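This is what each chain is made of:
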Amino acid sequence: MTTHLRLPLPKPLQDIIHPPPTPGVLGVFSYLDTTVDAIKKLRAAGHTDFTVYSPVPRHEIEDALGQAVSPVRMFTLIGGIAGCAIGAWLTLWMSYDWPIVVGGKPVGSVPPYVVIMFEMTILFGALSTILGILFNAAFAARRLGTVQYDERFTNDRFGIFVPTVSDKASPVEKLLRDAGAEEVRRG
Amino acid sequence: MAETTQAPPPPSRLTYDYVTRTIARTLGNPTRGYFLLLGAAVGLLALGIITLLFLIRYGLGLAGYSHPVYWAVFITCFVFWVGIAHSGTLISAILFLFRSGWRTAVYRTAEAMTVFAVMTAGLFPLIHIGRQWYFYWLIPYPNERGLWPNFKSPLIWDEFAIGTYFTVSTVFLIMGLIPDIAAVRDLATGWRKKLYAITALGWTGANEQWRHYTRGYLYLAALATPLVLSVHSVVSWDFAMAIVPGWHATLFAPYFVAGAIYSGCGMVITLLTPIRKLFQLEEVITVHHFENLAKLCLLTGSIVSFSYLTENFVAWFSGNPAERAAFWYRAFGPYWWASWTMNICNGLLPWLLWSKRVRTNITALFVISIFVNIGMWFERYVIIVVSLAGEPYTTWTNAVYNPTWADWGIMAGSFGWFFMWFLLFVKNFPAVAISEVKEVLAAPMRQKARAGVQHT
Amino acid sequence: MQPVFDTRPTGDVILKLSGKTGTFEDYLQGKWRAKHATNFDQYWMDSLAKGGIYTEAPTRAVRLAPSLSRISFAAPAASGGQDQDVIVFPHPILHDGRGANKPWLQELPDPVSKIAWHSWVEVHPDTAAKWGLATGDLILLKSSFGAQKFPAWITRSVRPDVLAVPTGQGHTAYGRYAKDRSANAFELLGAQANDYGGRNFGVRASATKTGEHRKIVTTEGGPRELGLGTTEVLPLARAKALHPGDHPFHFEETPEYAKEAVEWWGERQHEKASIGNYRGEHPRWGLAIDLSKCTGCGACVTACYAENNIATVGEELMQRGRELSWMRLERYWRTDEHGNPQGAVNEPMLCQQCGNAPCEPVCPVYAAYHTPDGLNGQVYNRCVGTRYCSNNCPYKVRYFNWYNYAERGGQYEAFPEPLSMLLNPDVTVREKGVMEKCTFCVQRIRGAQNQARLENRNVRDGDIVTACAQTCPSEAIVFGDLNDRNSRVFELAGNPRGYHVLAGLNTKPAITYLARVVAHETPSHG
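Residues numbered from 1 in each chain as written. Chains lettered and ligands numbered in written order. Predicted model: local features only at pLDDT ≥ 70, side-chain atom pairs only at ≥ 80, totals over all residues. Heavy atoms only, no water.

Re a nonpolar patch on the surface
All names here are of chain B.
Right, on to step 1. On the surface, Trp328, Phe332, Trp336, Trp337, Trp340, Ile344 and Leu348 cluster together into a nonpolar patch covering about 830 Å² of accessible area.
Right, on to step 2. The leading source of residues in the nonpolar patch is helix α11 (residues 336-348), at five residues.
Right, on to step 3. Inspection of the secondary structure puts tryptophan 328 in helix α10 (residues 321-332).
Right, on to step 4. For tryptophan 328, a relative accessible area of 59% gives the class exposed. (Patch = residues over 30% accessible without salt bridge, like charges linked within 9 Å, V, L, I, M, F, W, Y side chains within 5 Å. Areas by Shrake-Rupley, 256 points an atom, 1.4 Å probe, with all protein chains shown as cover. Salt bridge = Lys/Arg side-chain N within 4 Å of Asp/Glu carboxyl O. Helix = DSSP H or I, 4+ residues; strand = E, 2+ residues; numbered from the N terminus. Buried < 20%, exposed > 50% of the residue type's maximum accessible area, 1.4 Å probe, protein only.)

Here it is, written out as structure tokens:
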């Protein structure tokens, strides 16, 4: 089994970024419906803490997992509001900090500043969405990079990784195989 | 996803694995033709850099400027490239929100084009200013003299709009690339595997990643949609906020946005035609995709033609002598050839696309797309140069403007710069969205009876 | 003044050669002191100020000789054959050529043809059509004394049977700006004195089309007057009927039914507009230009060059429309229904120092801004050169430094040694890549304000005179404070002949033009 390439890093970064793998069972599936079936069975068996791999995002998997809506939307909202506020502050404060009259217009003219406020809303909203994705996916997603992985998961296979200690692995293996896994590994 | 039991089974070759490998194959060893193209692009870029050095050393006088034509080819190119950028975001963000399945095969190319076109466009305001080395004075940075820029100036709006657009379209492109880079990472070997391992940011396709990713992507698309409409509106306000007849029109924002998408779709067709051939992507990028692009061209081209008619009608109907003189000068003045090039390429040419035979003929579309690009370049030339040259308020200062080698040198350099990045991109990163193309395929099911195909 | 080079006055040289000591000035004063010992210093200063010693001449009554009315002139004989009547006239600016080595004068366009830096021959359009001539075609004029080539300038200001050539150019020596520039019209003339002791400036010559062509360096633009109020004329009869408080150029085009709404809106706008202005009592500098007095000579233009360190750009760049004349003279023909000129209106065009200046808000770095005393400031050091201000200026009076004209040894160097000594130390020499324009001689305004402060008084009307106003020989230009009800400029701004150029754009210019009074109305005056 090969995991995706890992760049060697100096200590202590190596331990933080590439911790030793979590023990568990990995099932590889060829079909979406069998994967969904396995998810349902795992959840029925009381497993809540497993990872599903998929080359494409599928609503079937999401529905089977019953996940809550991603908190990324809060990042977008807060980023957008902050951007709008920064845009307003930037334009108005800077205008009054160096008050110069041009074209017979008020020093702080709001209508032209709306353009800046709008652009800043988009900019900060987008950047904070990116941060939200990275933060949630890279840090909040548990054990990322420590779990079992197979290179076919970005191509045409689905996968389920269930973390278990070795003495409890057998029922999980059986469950996955029954659900239709074409390959089951223990790691 | 629409599922029907009656739907025909998908073509057997178009499986997930086939898609991954077909697209990954585009990243194979470059041919001599590729290096020739890249060399030509770098050569043009070198020409542009040398011209720029001359401009900085001796001054903008080397270009063709003449009183009162104080904006000319550089700003024309600026608007041209910003316009090109727009269709990329339209296809990647707006059509994403509309759930248009056909966008998946072409949006990556369009989006890469967006980023590189904005990168190119952003250089022009820096090149065209008189003291290029002080460009940073336009940025509101804290300084010991307590000076700030003037936020009432449309140029500052422009800076914010273009800056935001560049940032957002870049992160949007990178975001979309991550799952695909992971896919090619898992197939690659050697130094490329290292490159993709870093750039994939540890993507594995885990459910936790997809959960945040798909949400985030949706919000990015939702933010990019108003952004793309705002950017060319702001660019148009560079002109519409001025009192020059021919510029000062409330029509400008929608007119420019439509023109931008029209030119951008033209450029997408220009770029996709050779890519599709060279990389043998005929099965992924089909005639159907070209036809849809052609329909977009037809729609936006019609809006542009309508805007031309409106402009001229309003100039006549308003009875304003300055407006009338400006549009008369445009059509029958010394620059009549530029105006009529614009009218024919943008006003008449799109009408060919009413014919399905033309829309489905890729050679015809390629030829038309070249003329769309030319026509849209001339539209900006007409708006900028001709309006200034024939400015009817001060009848005494009408100039006859002629571009010089410096204008063409910088313009050639911009094409070199754009194509250099574009060529490097298509050879090093997946030019077609792997995961999104798979998304519109039928998912592999064990129970074939329930399998369906989405209508794209 | 310190000697510029290793030179001394002629008088000193003669004294030195004759072995005497002391300066010529002392010598001269000594001689005059002997004649006017009392209060000599005052006497000397007065004489210097007058430029000489004058005595009043007794007046004499004179009467026109009755025989005057019997003098008649024979019409010029019609030109026979190939020979053409050619009139050589003194160049209004370079005169006989003595001004030709001064770049300021070379760059100043001729008041009528608006051609600079070279000579030309004036050809009537009918003649040009007959000969198949286009503007700029070189014609070889060959008289019995000599031959020269001149580019054709096609104009209705010359008779169809006559060609006219200015003097002034075609030096073979004299200096770097005069040498080898165009052709010398004197070559066509004989050296023989005529009966009256002068020279004949009319000569018969053959005109041959050479097939060569050159571009005419002219600042002349399109003569379209679109009824926007650029130049205004008043027939004498109407002008005589005007009373103070009349506004013949203040068109009221609002229909009755819209009046109330427009007035309400105008009031709101007025309130809004005053928000933007600086608080407090400030002067508002303004200019009044009387087009009736303007002869179009262009002295103001050159005065502006001298005062404000404006670079001369030379023939090549001027042809590309890159001259930097902050003040330019626009010459509009008044023509009859056949297009024949009945006269011209000369309009000096310079920055209007608008109250609502379109150039200001578009500058991204506040290089163009409004000063509290109502000027459109232009901060050269802050300018990055986006040129947006010029695009948005309806008067097109902003000029851009396309090259570094002050660069030592540069291709377009405007102030080579010793011309750099002409530079006004109160004014910046602009770098390449910045916009410049008329400042109302802000250095003179600030100088007068500082002087007044030192003398503990207010600035008085007349303390500040801009270079153009100072130079204008007909005193057509008056500068002052529009907020001072007793100033001359305030009075002129309220003159019924007064109008603002392009008033309809609501730019609120600080320059009031006084319409030219003409004998009769013509169908077109611009």
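Re the sheet that holds strand β8 (residues 285-290) of chain C
Residues and elements named next belong to chain C.
Right, on to step 1. In spatial order, the strands read β15-β8-β17-β16; together these four strands make up an open sheet with mixed pairing. What marks the edges here is a single partner per strand, and that holds for β15 (477-481) and β16 (498-499).
Right, on to step 2. Of the strand pairs in this sheet, β8 and strand β17 (residues 511-514) are connected by four bridges, and their pairing is parallel. Its bridge partner being in β17, alanine 288 is matched across the sheet by threonine 512. (Pairing = 2+ DSSP bridges.)

What to know about the interface of chain B and chain A
Right, on to step 1. In this assembly, 64 residues from chain B lie in contact with 69 residues from chain A.
Right, on to step 2. Counting the surface lost from both chain B and chain A, the interface buries some 5800 Å², and carbon and sulfur atoms represent 69% of this.
Right, on to step 3. Viewed at the interface, chain A and chain B are joined by one salt bridge.
Right, on to step 4. Notably, a salt bridge pairs Lys193(B) with Glu151(A), separated by 3.1 Å at the nearest N-O pair.
Right, on to step 5. Seen at the junction of chain B and chain A, the total is 16 residue pairs in polar contact (both at pLDDT 80 or more).
Right, on to step 6. Among the elements of the structure, α1 (16-25), α5 (154-185), α6 (190-199), α7 (207-240) and α15 (434-440) of chain B are those that each provide at least two residues to the side of chain B that touches chain A.
Right, on to step 7. Top element by residues in the side of chain B that touches chain A is α7(B). It accounts for 19 residues.
Right, on to step 8. Of the residues assigned to the side of chain B that touches chain A, the class counts are 34 nonpolar, 16 polar and 14 charged. (Contact = heavy atoms within 4.5 Å. Buried area = accessible area lost by both parts, 1.4 Å probe. Polar contact = N/O pair within 3.5 Å; in protein donor to acceptor, adjacent residues only side chain to side chain. Nonpolar A, V, L, I, M, F, W, Y, C, P; charged D, E, K, R; others polar.)

Notes on the interface of chain C and chain B
Right, on to step 1. With 55 residues of chain C in contact, the opposing surface of chain B contributes 54 residues.
Right, on to step 2. For the pair chain C and chain B, the summed buried surface comes to about 4600 Å²; carbon and sulfur atoms form 54% of the total.
Right, on to step 3. With a shortest N-O distance of 2.8 Å, Glu407(C) and Arg57(B) are connected by a salt bridge.
Right, on to step 4. At the boundary of chain C and chain B, one finds 36 residue pairs in polar contact (both at pLDDT 80 or more).

Describing the side chain of Glu436(B)
All names here are of chain B.
Right, on to step 1. Mapped onto the elements, glutamate 436 comes out in helix α15.
Right, on to step 2. Looking at glutamate 436, its side chain comes within polar contact range of the side chain of tyrosine 107, at 3.0 Å.
Right, on to step 3. Aside from chain neighbours lying at most four places away, what touches glutamate 436 is Arg103, Thr104, Tyr107 and Tyr217.

So, the domain arrangement of chain C
All names here are of chain C.
Right, on to step 1. Looking at chain C, the domain boundaries give domain 1 (10-48), domain 2 (83-213) and domain 3 (233-518).
Right, on to step 2. The straight-line distance from the C-alpha centre of domain 2 to that of domain 3 is 34 Å.
Right, on to step 3. Carbon and sulfur atoms supply 61% of the area that domain 2 and domain 3 bury against each other, a total of about 1800 Å² over both sides.
Right, on to step 4. Put simply, domain 2 and domain 3 have one salt bridge between them.
Right, on to step 5. Residue arginine 181 pairs with glutamate 315 through a salt bridge whose shortest N-O separation is 2.7 Å.
Right, on to step 6. Counting across the interface, domain 2 meets domain 3 through seven residue pairs in polar contact (both at pLDDT 80 or more).
Right, on to step 7. Element by element, the count of residues in the side of domain 2 that touches domain 3 is highest for helix α4 (residues 103-107), at four residues.
Right, on to step 8. Residue composition of the side of domain 2 that touches domain 3, by class: eleven nonpolar, four polar and five charged. (Domains from an automatic or database assignment.)

Description of the packing of helix α2 (residues 32-58) of chain B against helix α14 (residues 405-428) of chain B
Residues and elements named next belong to chain B.
Right, on to step 1. Their axes nearest at 7 Å, the elements α2 and α14 cross at an angle of 140 degrees. Judged by the inter-axis angle, α2 sits oblique to α14. Pair α2 / α14 crosses with left-handed handedness. (Axes fitted to C-alpha atoms, helices over the stretch in contact; angles between N-to-C directions. Parallel < 35°, antiparallel > 145°, perpendicular 65-115°, else oblique. Left-handed = near helix turned anticlockwise from the far one by under 90°.)

As for α10(B)
Each α-helix turn comprises 3.6 residues. Residues three or four places apart therefore point the same way.
Residues and elements named next belong to chain B.
Right, on to step 1. Between its first and last C-alpha, α10 extends 16 Å over twelve residues, near the 16 Å set by a 1.5 Å rise per residue.
Right, on to step 2. If you check which residues of α10 are buried, you get Ala322, Glu323, Ala325, Ala326, Phe327, Tyr329, Arg330 and Ala331.
Right, on to step 3. Contact partners of the buried residues in α10: α9 (287-318), α11 and α13 (362-389).
Right, on to step 4. You can read the cap of α10 off the contacts: a side-chain oxygen lies 2.9 Å from the backbone nitrogen of alanine 322, and it is on asparagine 320. (Expected span 1.5 Å × (residues − 1).)

Considering the side chain of Thr167(C)
All names here are of chain C.
Right, on to step 1. Inspection of the secondary structure assignment puts threonine 167 in the loop between β5 (162-166) and β6 (202-213).
Right, on to step 2. Residue classification places threonine 167 among the buried residues on the basis of a relative accessible area of 2%.
Right, on to step 3. A polar contact of 3.2 Å, which involves the side chain of threonine 167, links it to the backbone nitrogen of histidine 91.
Right, on to step 4. Polar side-chain contacts of threonine 167 include one of 2.7 Å to the backbone oxygen of histidine 95.
Right, on to step 5. Not counting the four nearest positions on each side in its chain, threonine 167 is found in contact with Val88, Phe89, Pro90, His91, His95, Asp96, Ala185 and Phe186.

Description of the sheet that holds strand β1 (residues 24-29) of chain A
Residue and element names in this part refer to chain A.
Right, on to step 1. Reading across from one edge, β2-β3-β1-β4 is the order of the four strands in this open sheet, with antiparallel pairing throughout. A strand with exactly one partner marks an edge of an open sheet, and here the two such strands are β2 (51-53) and β4 (183-186). Averaged over all adjacent pairs, the angle separating strand axes in this sheet is 15 degrees, with direction ignored.
Right, on to step 2. Pairing analysis gives six bridges linking β1 to strand β3 (residues 158-163), with the strands arranged antiparallel. Looking at β3, one finds that leucine 26 is bridged to phenylalanine 161.
Right, on to step 3. Along the sheet, helix α6 (residues 169-179) makes contact with β1, β3 and β4, crossing β1 at roughly 5 degrees.

Brief notes about the pattern of salt bridges
Right, on to step 1. Inspection of the entire model under this criterion finds 41 salt bridges over all chains.
Right, on to step 2. When the shortest N-O distance is used, the salt bridge between Arg446(C) and Asp373(C) registers 3.0 Å. Of the two residues, Arg446(C) is situated in helix α11 (residues 442-454) and Asp373(C) in the loop between β11 (368-370) and β12 (376-378); the sequence distance between them amounts to 73 residues.
Right, on to step 3. Salt bridges here are not isolated pairs; linked through shared partners, they connect Asp150(A), Arg152(A), Asp156(A), Arg157(A), Glu182(A), Glu183(A) and Arg185(A).

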